[in-house]
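# Examination of the molecular architecture
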Amino acid sequence: MAKSILTLKGISRDFYDAKVRQRVLKNIDLEFYAGELAIVAGPSGSGKTTLLSIMGLILKPSEGRIYIKGEDVSDLAEDREATLRRRNFGFVFQTPTEIPALTILENILVANAVQGTRVPPALRDKAQSLLASFGLSEYAHVKPKVLSTGEKQRVAIARALINDPVLLLCDEPTSALDAENSALVLDTLKGVSRDDDRGVVLVTHDPRVYPYGDRVITLEHGAVVHDWRREVAA
Amino acid sequence: MRSLVAYRMLVHDRAPTAGAVLGVVAILFLVGQQLSTLFGLFTYMSVLVDHSDADVWICGKFTDNANSTGQLPVRYVDRLSGLADIAWAEPVITTAGETRRKDGKAEGVVVIGLPAPRLTGGPWAFERGSVDTLLDYDGVTVDSRDLELFGDPELGDVLEVNKKRVRVNAVTKRITSFGGTLVFTNRTKAREISNLPPDRCSYILVKLKRGADVDAAVAKMRAVLPRAEVFPKDVLSRLTRAYYLINTGIGFSFGFTTLMSSLVGIVIITLTMYTSILNREKDFAVLRALGGRKKDIFVIVLCQAVIIGAVGIFLGFLLLALFLNGTRDSNLASFVPLWFPFVHAAFTLALCLLGSLFAIRHATRVEPATAFR
């Protein structure tokens, strides 16, 4: 049986627009497992990115509880949340977010050393091997501007994996890519999800991505309207 | 890694970094130049007191600075000689004089008449000649900076001061006073120039015996000379500087310029660093999303401020050193006490950090959720 990584119970989130409350997530109950690529789909404004932010401890829910591997992390202080985020989650954003001032290798390492820790040689080696596995070794010491958007997204995946996260949270990672690069990135994410200790959650509104998912969760108006899981062959 | 990120961002954003460094350079150079000039003027204000080997100066009643005193009875020396702590006491004469150049133009001078043979309170640096030449009855010194004023005299040339004949026997090296052009001579000649009665003098300089308690000795002197002011040397020096600072507007002028220079520098640093942070907002959001805490962002921006401060301080001091070196032989007063560079560097760094506060505040408030936008 697949290991539960993240559990959301009764998650709601309100935003205020000119003092008028808008509930963008409504009583969400979800559980995410290792070895699974889960796609969160839905139209624009359905609350996908808000849900992803709450899952990654970037945004606090207005109501509900969050559990990482069974541990309640709903009421942690900001610094503790940041540390948990660093240890447990990897992020791939919609557009490339490499820091242009850093080299590709430094961009990957910063995800580990952002809290001021020293970078051990073993971690440097790991970053190099991640780059090699994505065919980007030759770019280790150059700035991100020389990379294509597809290459930058693969660097973002490498950066997300440097801390061995239990969950990779990807916010429409292929929206800025052409078909060929999209396929490359999605194959990479699919591969990453085939790990007994890690899951991948991918937010998208692009139906072409659905076939890559082991599970497709559909959000509409802030509520889960459909949660489909691919049947695993016996 | 945080300091590396800070450094890399600064190098990447060259234009705003250069702007912020310029702000630091502006503070360091402008404030440094102003204050070195003020310190230079300080040395002019109390030059005679600071370079005398006397421990105590006795002046006329109500004297509030070393460059203006009334007349004192010379017999006060006898009263002082009776005190146990006193090694010697010597009357000195100062008087305003007027000299005529060869072209007939009049120039004001301050004549200092020193007691022979000790010639205490006399000149301490010479380009030509020596202090002993003042033992010659007509002997005077003129300063190297004032030679043109006197018509470029050679040693042995005869001049007139208050229509009295004097002979240039020595040229002093950069001895300048706030009160005017200094001409040293012996007390007899000064008395002739000033027409001061033989029983009067301007100051009495007192040297205490080795190990004597200055405060106790001063108290005893005040007791025997109730109609005179008795100042320890350092007190008279401070009083003189304070007098000019307050009464001439120098203090306000230099204070205002220093304040304005600091403000301009801070504004430049604040604006450039803040703009730079605005441009880097997404990067900080990503760092926060990746697990960076607010304090990590604080450290990154603080590192940037320190790096900008350090580079600016180095360049500012370089510029200041070049300026001071270039104006060393001019008439511009400038002096840099040994402690000043350290205090000024700390002050400038503090202003740089102050200027970075808005940037720090903004950067630490960037929400990690904005990385998703």
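Residues numbered from 1 in each chain as written. Chains lettered and ligands numbered in written order. Predicted model: local features only at pLDDT ≥ 70, side-chain atom pairs only at ≥ 80, totals over all residues. Heavy atoms only, no water.

### Side note on the domain arrangement of chain B
For an interface, size is often stated in terms of accessible area lost upon the parts coming together. All names here are of chain B. Splitting chain B by domain gives domain 1 (2–44 + 249–372) and domain 2 (62–226). Carbon and sulfur atoms make up 45% of the area that domain 1 and domain 2 hide from each other, which totals about 590 Å². Summed over the shared surface of domain 1 and domain 2, the number is 0 salt bridges. A class-by-class count of the residues in the side of domain 1 that touches domain 2 yields 3 nonpolar, 2 polar and 2 charged. (Domains from an automatic or database assignment. Buried area = accessible area lost by both parts, 1.4 Å probe. Salt bridge = Lys/Arg side-chain N within 4 Å of Asp/Glu carboxyl O. Nonpolar A, V, L, I, M, F, W, Y, C, P; charged D, E, K, R; others polar.)

### Details of the packing of aromatic side chains
Per the stated rule, a full pass over the model turns up 11 aromatic pairs over all chains. With centroids separated by 5.7 Å and ring planes inclined at 85°, the aromatic side chains of Phe 29 of chain B and Phe 323 of chain B adopt a geometry described as edge-to-face. Residue Phe 29 of chain B is found in helix α2 (residues 14–45), and its partner Phe 323 of chain B is found in helix α10 (residues 294–326); the two are separated by 294 residues along the sequence. Under the relative-accessibility criterion, Phe 29 of chain B is labelled buried at 18%. For the pair Tyr 243 of chain B and Tyr 244 of chain B, a centre-to-centre distance of 5.3 Å together with 80° between the ring planes defines the contact as edge-to-face. Site record: aromatic cluster; members linked through ring pairs are Phe 39, Phe 42, Trp 339 and Phe 340 of chain B. When the ring centre of Tyr 67 of chain A is taken as reference, the NZ or CZ atom of Lys 9 of chain A above it lies at 5.2 Å. Residue placement shows Arg 215 of chain A over the ring face of Phe 32 of chain A; its charged tip is 5.2 Å from the ring centre. (Phe/Tyr/Trp six-rings, centres within 6.5 Å; stacked < 30°, edge-to-face > 60°. Helix = DSSP H or I, 4+ residues; strand = E, 2+ residues; numbered from the N terminus. Buried < 20%, exposed > 50% of the residue type's maximum accessible area, 1.4 Å probe, protein only. Lys NZ or Arg CZ within 6 Å of the ring centre and 35° of its normal.)

### Observations regarding the sheet that holds strand β5 (residues 71–72) of chain A
Residue and element names in this part refer to chain A. Spatial ordering of the open sheet is given by β2-β1-β4-β5, a layout of 4 strands whose pairing is antiparallel. The outermost strands of the open sheet, each flanked by one partner alone, are β2 (20–33) and β5. As defined by bridge partners, strand β4 (residues 63–68) adjoins β5 across 2 bridges and the pair is classed as antiparallel. By the bridge assignment for β5, Tyr 67 is matched with Asp 72. (Pairing = 2+ DSSP bridges.)

### Focus: the layout of surface pockets
Residues and elements named next belong to chain B. Each pocket or cavity is described by its volume, and for the largest pocket that value is around 430 Å³. Among the elements that make up the lining of the largest pocket, the one with the highest residue count is α2 (3 residues). Taken together, the residues of the lining of the largest pocket sort by class into 8 nonpolar, 7 polar and 3 charged. Here the lining of the largest pocket spans two domains, and each of domain 1 (2–44 + 249–372) and domain 2 (62–226) adds at least three residues to it. Within this model, the second largest pocket holds a volume of roughly 280 Å³. Among the elements that make up the lining of the second largest pocket, the one with the highest residue count is strand β3 (residues 86–100) (4 residues). (1 Å grid on protein atoms, 1.4 Å probe; cavity = no way out; pocket = protein on both sides within 12 Å on 5 of 7 lines; lining within 4 Å. Points joined across faces, edges and corners; volume = space filled by probe spheres on them.)

### Looking at the nonpolar core
Residues Leu 6 of chain A together with Phe 284 and Leu 287 of chain B are the most contacted members of the largest nonpolar core, which totals 124 residues. In terms of residues, this core owes the most to one element, α2 of chain B, which gives 14 residues. Membership of the second largest hydrophobic core comes to 35 residues, among which are Val 109, Val 111, Ile 193 and Val 218 of chain B. (Core = buried A, V, L, I, M, F, W, Y, C linked by side-chain atoms within 4.5 Å.)

### Looking at helix α5 (residues 149–161) of chain A
Relative to the 18 Å expected for 13 residues at 1.5 Å per residue, α5 of chain A spans 19 Å between its end C-alpha atoms, a close match to the ideal helical length. Of the positions making up α5 of chain A, those classed as buried are Gly 150, Glu 151, Gln 153, Arg 154, Val 155, Ala 156, Ile 157, Ala 158, Arg 159, Ala 160 and Leu 161 of chain A. (Expected span 1.5 Å × (residues − 1).)

### A closer look at unusual backbone geometry
In this model, Asn 27 of chain A sits at a positive phi of 45°, which is unusual for a non-glycine residue. With respect to the element layout, Asn 27 of chain A can be found in strand β2. In this structure Asn 27 of chain A comes out as exposed when scored by relative accessible area, which is 54%. In this structure, Asp 152 of chain B takes a positive phi of about 50° despite not being glycine. Tracing the backbone through its elements, the reader meets Asp 152 of chain B in the loop between β6 (139–143) and β7 (158–161). Assessed through its relative accessible area of 49%, Asp 152 of chain B is described here as partly exposed.

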